[in-house]
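Observations on chain architecture
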Amino acid sequence: MKALLQRVAEAAVTVEGREVGRIGPGLLVFLGLDRGDDLAVAELLLSRVLRYRVFADDAGRMNRSVVDSGGGVLLVSQFTLSADTGRGLRPSFSPALPPAEAEALYDECLAWLRAKHAPVAAGEFGADMEVSLVNDGPVTFLLES
């Protein structure tokens with residue numbers, strides 16, 4: 001499982017012209033689900049996402065988490081994070097969790113996040129999404145389970 005975190009001033013997801021999720025300051029989280037991932041793995045990684053210190057404290061150091069800062073989380077499924085890009089000129093998606101399993105796990109991840117933090121917004125699993133963001137920093141980290 002991979003979570004690509006981007007600290008944002010704001011972010012939104014649109015599907016077929018309708019906005020399905022929006023946050024103000026917080027974290028945009030692109031989530032890649034790999035074969036072998038399950039809810040136990042997800043809970044560990046998502047707990048780390050919520051506690052990961054990427055927001056400035058009063059001294060300007062990255063010592064505050066999204067929870068500490070009261071920011072939002074926008075969760076977007078991103079199967080391309082699971083791609084094997086080790087060779088050739090075309091990615092292989094064989095490491096990715098199959099779509100039906102991935103959707104079920106993504107829904108569990110979203111429910112878990114919403115139970116632990118607010119506000120949480122989300123993209124639409126499997127949809128062709130347009131993601132807009134104002135990256136704050138830019139600050140981007142890749143967390144892996």
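What counts, and where the lines are drawn
Residues numbered from 1 in each chain as written. Predicted model: local features only at pLDDT ≥ 70, side-chain atom pairs only at ≥ 80, totals over all residues. Heavy atoms only, no water. Core = buried A, V, L, I, M, F, W, Y, C linked by side-chain atoms within 4.5 Å. Buried < 20%, exposed > 50% of the residue type's maximum accessible area, 1.4 Å probe, protein only. Helix = DSSP H or I, 4+ residues; strand = E, 2+ residues; numbered from the N terminus. Contact = heavy atoms within 4.5 Å. Polar contact = N/O pair within 3.5 Å; in protein donor to acceptor, adjacent residues only side chain to side chain. Salt bridge = Lys/Arg side-chain N within 4 Å of Asp/Glu carboxyl O. Pairing = 2+ DSSP bridges.

Looking now at the nonpolar core. Counting residues in hydrophobic clusters, the biggest one holds 29 residues, and the most contacted among them are Leu 27, Val 29, Leu 31, Leu 33, Leu 75 and Leu 113. Looking at this core, the elements that each hand over two or more residues are strand 1 (2-15), strand 3 (26-32), helix 1 (39-51), strand 6 (72-77), helix 3 (99-116), strand 7 (120-122) and strand 8 (129-144). At seven residues, the largest contribution of residues to this core is made by helix 3. Beyond its immediate stretch of four places on either side in the chain, Leu 113 contacts Leu 46, Leu 50, Val 73, Leu 75 and Val 120. Among the nonpolar cores identified, the runner-up in size contains eleven residues, and Val 8, Ile 23, Leu 74 and Ala 121 belong to it.

Along the polypeptide, His 117 turns up in the loop between helix 3 and strand 7. Here the side chain of His 117 touches Gly 71 through a polar contact of 2.7 Å, landing on its backbone oxygen. Contact partners of His 117, with chain neighbours within four places excluded, come to Leu 50, Val 66, Val 67, Gly 71, Gly 72 and Val 73.

Turning our eyes to something else, we now look at the pattern of salt bridges. Overall, the coordinates contain four salt bridges when judged by the stated rule. Salt-bridge contacts for Asp 34 lead to Lys 2; the nearest nitrogen and oxygen are separated by 3.0 Å. Here Asp 34 is found in the loop between strand 3 and helix 1, whereas its partner Lys 2 is found in strand 1, with 32 residues between them in sequence. With respect to burial, Asp 34 and Lys 2 carry one shared label: buried. Notably, a salt bridge pairs Arg 18 with Glu 124, separated by 3.0 Å at the nearest N-O pair. A residue pair is termed long-range when its members are at least 10 positions apart, and Arg 18 in strand 2 (residues 18-23) and Glu 124 in the loop between strand 7 and strand 8 qualify at 106 residues.

With that out of the way, let us pick up the pairing of strand 3. Counting buried positions along strand 3 yields seven of seven residues, so the element is predominantly enclosed. Where strand 1 meets strand 3, seven bridges bridge the pair, whose relative direction is antiparallel. Bridge pairing in strand 3 places Val 8 opposite Gly 26. Sheet topology note: the strand 3/strand 6 ladder contains six bridges and is parallel. Bridge pairing in strand 6 links Leu 31 to Ser 77.

Function-wise, these values are silent; they only describe arrangement.
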